[in-house]
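What the coordinates show
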Amino acid sequence: MKSRLAIFTVLLLLLLPSAVFAQQQIDVPMTNGKGEVQKGEEWKFSADKLVVENDSEYLQAYGNVILRSGDSYIKADFARFYQATKWIYLRGNVQAQVKGDFYDAAEAEFDLNNMVGWLKKGRVFVAKPHVYFESEFIEKHNGATYSFKDAKVTTCSGDNPLWAFEAGEGDITINGYARLWHSKFDVKGVPVMYTPYMELPVARERQSGVLTPEVGTSDRLGGRFNIPYYWAINEESDVTFYGEYLTKRGFRPGVDFRHSEDTNTKGQWRADWLYDGKAYDNTADADNAFQGDGLIRPNHNRWWVRSKYDGYVGNPDWQTILDMDLVSDQDYLREYRTGINGYEQTRDAFLSQFGRDIATVDATTRTSTALVARSWDNYSISGLAQYSENLLYRNDNNPSTKDPTLQKLPQLNAYAFKSNLFDTPLEWKGEFQGNYFWREYGTTGGRFDLRPELSMPVRAAGITFIPRAGFRATSYMVDSFQNASVDVSRDTTQMRFLADAGVSAVTDFYRVFDLGAGPELTTENVGESSWTRMKHNVVPRLEYSWVQDDSSAQAKLPYFDSRDRISEQNDIVLSLTNVFDRSKGTVVLDDEGNPYLDTSYLEFLRIRLEQGYDIDEANRSVELSEYERRPFSDFMGEVLITPIDYVALESRTWVSPYMGEVTEHENILKFFHDSYGEIMFGYDYLRKINEYKRQQDSDMQIAEYGLKAKLPYGFVLGGKYRNDLNSDIDLEKTVSLGWNHQCFFMEFVGSKTTVDERYSVNFNLISMGLF
């Protein structure tokens, strides 16, 4: 009815011989391609003067012309509106905002149904992804496409932008590309680069295009320049190609393929390769940082292939995990540790996306694993194949025929989760593992290991007692005893039986302290907060564990891994854990503007004390002249503190009751805030120890400091420092200074490690992912 009334009003105006209206308003309904009025879609048209001629079908508006439709508007000094076609011509101070995009022009013409049209001396700002372009003449086509001649494209505000691309001709498709012909790159109006053609990603969503190049220098590698190209294949997959050139080493291409077909599937596959002009056939020719390992690197072809994959086989219940980590030589990852396709970036990405780590940068054994598993309510099964690459036996360092590295091809596991045995109070659980072990040099064969366990929780006087008993049955079928110890029996089939038992006793008690009702519920107190309650929970635990002493019999068994030599155990561990939780009430407003108390909870303090007593060590009768009995373990204290949202302390300390000294420290203290940055302090310590059951050859002290400070005017200061305090060696010194400008981000990074010294400059044109 409203749309019909608007049409009738306009037609009535057209019938008048000549009319002038002051500050009048009419509604202009929109129509579809069939001329049908679109319900709820209309422009409200107002101006100082509205003039309709009787022999025409257009309406002319003078002074303060405004058209509004929802959040969109069009303004101008003069407008001519054609009723039949819904086209409008605008002149003088033309300004418009349509679906979040902004237009400025001297003249313009649009179809109000779809905003197709043109602008003269126009400037367009696309809010997302924050791109400006201006030209003498801009055409707006169907969809979100613009074409232009003699245009300027930038993400910077202002009449004289910090940087811009000037093009003789081009077009832009939002969520697509800006294609520019005969373009030059200007910095403050000064041309610094020319290209006959280029494409820039102009995306509200991810789009293909050139990413931030990496420019830097390194003592070891020389100057480096890396240009990544990102290809958004589809919504489920993308790939990044890296083209890195190193002045001292050559061209190092790389690829990073990612995919996620559904919520249960995701993968990342990365690889890079280098034909290195530098190699060495003896350790004397190696760089100083690598001479200590006694290894050579004669290979010129160098590469690293790594991946993580989570998925399923046929049915999502059959989970599949694949980890791949293969490298050409022992030096590759140490030399290419940093950079956008280096070790550190790869490790961070894998941890962030998959929660699984890779071997350390200097590890000489790198492991690849494929796993298929399924779980039910009470059981689970899995199959695993694992290949370990030993770099000590690559590249003629040691004969590959003497490689003792163990391969699990395959491994089968089955688990029975703890549950009641029939209808009795007894609980049981079980584990089975079957392996076939292969290696180039050493003992090979199969092993089947079964371990069931019975337990029965009993609660008395507020204490829960859980006695348990189990046994282990292991069967061996050996193919080869190559390189086996002389103590190992040469029987191809062997068996082992081991008993184990234990009991745990645990209880907990707590008290809740009322700290007040919280702030008064008034609008003036919105945002105010206070602690309202605190809970203190105390959990003492006593654990006794026993494993049968069968060391002499186990010495005759083939040795594949630690499961073949299970140590005797006869010890008691006592721990006491204190947990402090608080509830905090904050005054907030509900949807109707009424104040109420919103409650949040936080474990702000955890303190755990622990010490063990080894009964067998107390009764030991061997090597007493060299090692005195020390049955008490180190006293361990753990403190986790999060008093407020911006502070976290994690500290663990072990103290020897015999030396009266600290034997180990693990400490990390962090201060963090989204608006100001983060400061981190870390300290790790291991003391030299020579005891019957443990040895540490030398002291080790590592201090680490980290900083990320968000400074005024968009500056970001970062730093990292790691030092070996015992050797007085700086393991790493890194400093970075970045600047977040409105239309770009620039960062300088300098880093020095025991292996290399590097400097790089990163420059990113915001919203375009370019250098």
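Cut-offs and rules
Every chain's residues receive numbers from 1 upward, in the order its sequence appears when written. Since the coordinates come from a predicted model, pLDDT governs what is reported: local features require at least 70, and pairs of side-chain atoms require 80 or more to be given and counted, while whole-chain, interface and lining totals use all residues. To get the side-chain values, all heavy atoms of the structure are used, and hydrogens and water are removed first. Numbered from the N terminus, helices here are DSSP runs of H or I no shorter than four residues, and strands are runs of E no shorter than two. Throughout this description, buried means an accessible area under 20% of the type-specific maximum (1.4 Å probe, protein chains only), exposed means over 50%, and partly exposed covers the range between. For the area figures, the Shrake-Rupley method with a 1.4 Å probe applies, and any residue is considered shielded solely by the protein chains shown. For the purpose of charge, His is not counted, nor are the chain termini; Lys and Arg are scored as positive and Asp and Glu as negative. For charged residues, the charge sits on one atom: NZ in Lys, CZ in Arg, CG in Asp, CD in Glu. Pairing of aromatic side chains here covers Phe, Tyr and the six-membered ring of Trp, requires ring centres within 6.5 Å, and sorts the geometry by plane angle: under 30 degrees stacked, over 60 edge-to-face, intermediate tilted. Counted as over-ring charges are cases with an Arg CZ or a Lys NZ within 6 Å of the ring centre that also lie within 35 degrees of the ring normal. Salt bridges are counted wherever a side-chain nitrogen of Lys or Arg sits within 4 Å of a carboxyl oxygen of Asp or Glu. Should any heavy atoms of two residues lie within 4.5 Å, those residues are counted as being in contact. Within 3.5 Å is the distance limit for a polar contact, defined as a pair of N or O atoms, with the added protein rule that one can donate a hydrogen and the other accept it, and that residues adjacent in sequence qualify only through two side-chain atoms. Under the convention used throughout, the expected extent of a helix is 1.5 Å for every residue step, that is, one less than its residue count. The directions considered for the arc run from the helix axis to the C-beta atoms. Residues enter a nonpolar core if they are buried and are Ala, Val, Leu, Ile, Met, Phe, Trp, Tyr or Cys, with the set joined through side-chain atoms within 4.5 Å.

Let us now look at the overall build of the protein chain. Secondary structure summary: the protein chain contains five helices and 43 strands in total. With the C-alpha coordinates of the protein chain rotated into their principal frame, the extents come out at 120 × 70 × 55 Å. The 771 residues of the protein chain split such that 41% are buried. Entry remark: accessible area of the protein chain is about 40,600 Å², with carbon and sulfur atoms responsible for 54%. Taking the 83 positively charged and 112 negatively charged side chains of the protein chain as two groups, their mean positions are separated by 1 Å.

A separate point is the packing of aromatic side chains. This structure, assessed with the given rule, holds 30 aromatic pairs. Between the aromatic rings of F133 and Y146, the centroid separation amounts to 5.0 Å while the plane-to-plane angle is 65 degrees, which identifies the pairing as edge-to-face. Of the two residues, F133 sits in strand β8 (residues 131–141) while Y146 sits in strand β9 (residues 145–154), which places them 13 residues apart along the sequence. Arranged with centres 6.2 Å apart and planes meeting at 65 degrees, the rings of Y627 and Y692 form a pair that is edge-to-face. With a gap of 65 residues between them, Y627 in the loop between α5 (615–618) and β33 (635–641) and Y692 in the loop between β37 (689–690) and β38 (695–696) connect regions that are remote in the sequence. When its relative accessible area of 13% is taken as the criterion, Y627 is described as buried. Counting every residue linked through ring pairs, the aromatic cluster contains Y62, F78, Y89, W118 and F137. A cation over an aromatic ring shows up here: K266 above the ring of F354, its NZ or CZ 5.2 Å from the ring centre.

Our focus in this paragraph is the pattern of salt bridges. Under the criterion given, the structure shown has 52 salt bridges. When the shortest N-O distance is used, the salt bridge between R447 and D564 registers 2.9 Å. Residue R447 is located in strand β25 (residues 444–455), and its partner D564 is located in the loop between α4 (551–554) and β31 (569–589); the two are separated by 117 residues in the primary sequence. Pair check on accessibility: R447 and D564 agree, each one buried. Here the salt bridges do not stand alone but share partners, grouping R249, D276, R297, R302, D329, D331, R334 and E335 into one network.

Residue placement: T247 occurs in the loop between β16 (237–246) and β17 (250–262). Placed 29 residues apart in sequence, T247 and S218 show a C-alpha to C-alpha distance of 9.7 Å. When neighbours within four sequence positions are excluded, T247 is seen to be in contact with L221, G222 and G223. There is a polar contact of 2.8 Å between the side chain of T247 and the backbone nitrogen of G223.

Moving on, we come to helix α3 (residues 343–354). Relative to the 16 Å expected for 12 residues at 1.5 Å per residue, α3 spans 16 Å between its end C-alpha atoms, a close match to the ideal helical length. All of the buried residues in α3 are Y343, T346, A349, F350 and F354. End-on view of α3: buried residues confined to an arc of 130 degrees, all on one side of the axis. If you follow the buried residues of α3, they end up packed against β18 (265–275), β19 (301–313), α2 (332–335) and β21 (365–375).

Generally speaking, nonpolar side chains in soluble globular proteins are found buried as a group. Core analysis: the biggest nonpolar cluster contains 46 residues, and F45, I88, L90 and F133 have the highest contact counts within it. With residues up to four places along the chain from it excluded, the contact list for L90 reads I74, A76, F78, A79, A106, E107, A108 and F110. Counting residues in hydrophobic clusters, the runner-up holds 14 residues, among them W304, Y332, Y336 and F354.

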